Amino acid sequence: EYLASSPTLEAAAQIVRNHAELVDAAKAACQSISDEDAADAALRELCGVLTSIERFDPDAASEAASKLSGNARDVASFLVSEDGLAVPRDIGLIPSEALHALVIAAPKPRIF
């Protein structure tokens, strides 16, 4: 389930709600993230792309994923990993699947 008007908006909302914790976790988990500013920028970029998807489908995921930088792809990969956002504790199943589909559609992420 999700409260926002779409699964991708709900995924972005969950990232915003857990932002401080996710900055620290992403910095620790992603080798490409050198400091808190880089983790913050990658999370913000990811949220921007998630909120730009009006209707989630495979074509939208591919187009949106192509806009992600390497750092944002790494952070997205981390978020769908076992150490990232946990279903249902941190994020609902449907928004998690939307985030996962974005990661799968992205050019080869460095971690996952």
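The preceding data block contains the structure.
Let us look at the structure shown here. Here the structure is a predicted model, which means the values were calculated and not measured.

**Regarding helix α3 (residues 36-52)**
Right, on to step 1. Taking 1.5 Å of rise per residue, the 17 residues of α3 would be expected to cover 24 Å, and the 24 Å separating its terminal C-alpha atoms lies within 8% of that figure.
Right, on to step 2. Looking only at α3, the buried set comprises Ala-38, Ala-39, Ala-42, Leu-43, Leu-46, Cys-47, Val-49 and Leu-50.
Right, on to step 3. With a side-chain oxygen lying 3.2 Å from the backbone nitrogen of Asp-37, the N-terminal cap of α3 falls on Asp-35.

**Looking at the pattern of salt bridges**
Right, on to step 1. On inspection of all chains with the given rule, the structure shows three salt bridges.
Right, on to step 2. The salt bridge involving Asp-90 is made with Arg-89; its shortest N-O contact spans 2.6 Å.

**Thoughts on helix α2 (residues 19-29)**
Right, on to step 1. Within α2, the full set of buried residues consists of Leu-22, Val-23 and Ala-26. Looking straight down α2, one finds that the buried residues subtend no more than 105 degrees of arc, so they occupy a single side. Exposed positions of α2 whose direction lies more than 90 degrees from the buried face are Ala-20, Glu-21 and Ala-28.

**Quick look at the environment of Gly-70**
Right, on to step 1. Structurally, the position occupied by Gly-70 is in helix α5 (residues 70-79).
Right, on to step 2. Overall, Gly-70 belongs to the buried group, its relative accessible area being 14%.
Right, on to step 3. For the pair Gly-70 and Glu-97, spaced 27 residues apart in the sequence, the C-alpha separation amounts to 21 Å.

**So, the environment of Leu-46**
Right, on to step 1. Structurally, Leu-46 is set in helix α3.
Right, on to step 2. Judged by its relative accessible area of 0%, Leu-46 is buried.
Right, on to step 3. Separated by 22 residues in sequence, Leu-46 and Leu-68 place their C-alpha atoms 7.1 Å apart.
Right, on to step 4. In contact with Leu-46, not counting residues within four places along its chain, are Ile-15, Leu-68, Ala-76, Leu-79, Leu-99 and Leu-102.

Conventions and cut-offs
Residues numbered from 1 in each chain as written. Predicted model: local features only at pLDDT ≥ 70, side-chain atom pairs only at ≥ 80, totals over all residues. Heavy atoms only, no water. Helix = DSSP H or I, 4+ residues; strand = E, 2+ residues; numbered from the N terminus. Expected span 1.5 Å × (residues − 1). Buried < 20%, exposed > 50% of the residue type's maximum accessible area, 1.4 Å probe, protein only. Polar contact = N/O pair within 3.5 Å; in protein donor to acceptor, adjacent residues only side chain to side chain. Salt bridge = Lys/Arg side-chain N within 4 Å of Asp/Glu carboxyl O. Arc of directions from axis to C-beta. Contact = heavy atoms within 4.5 Å.

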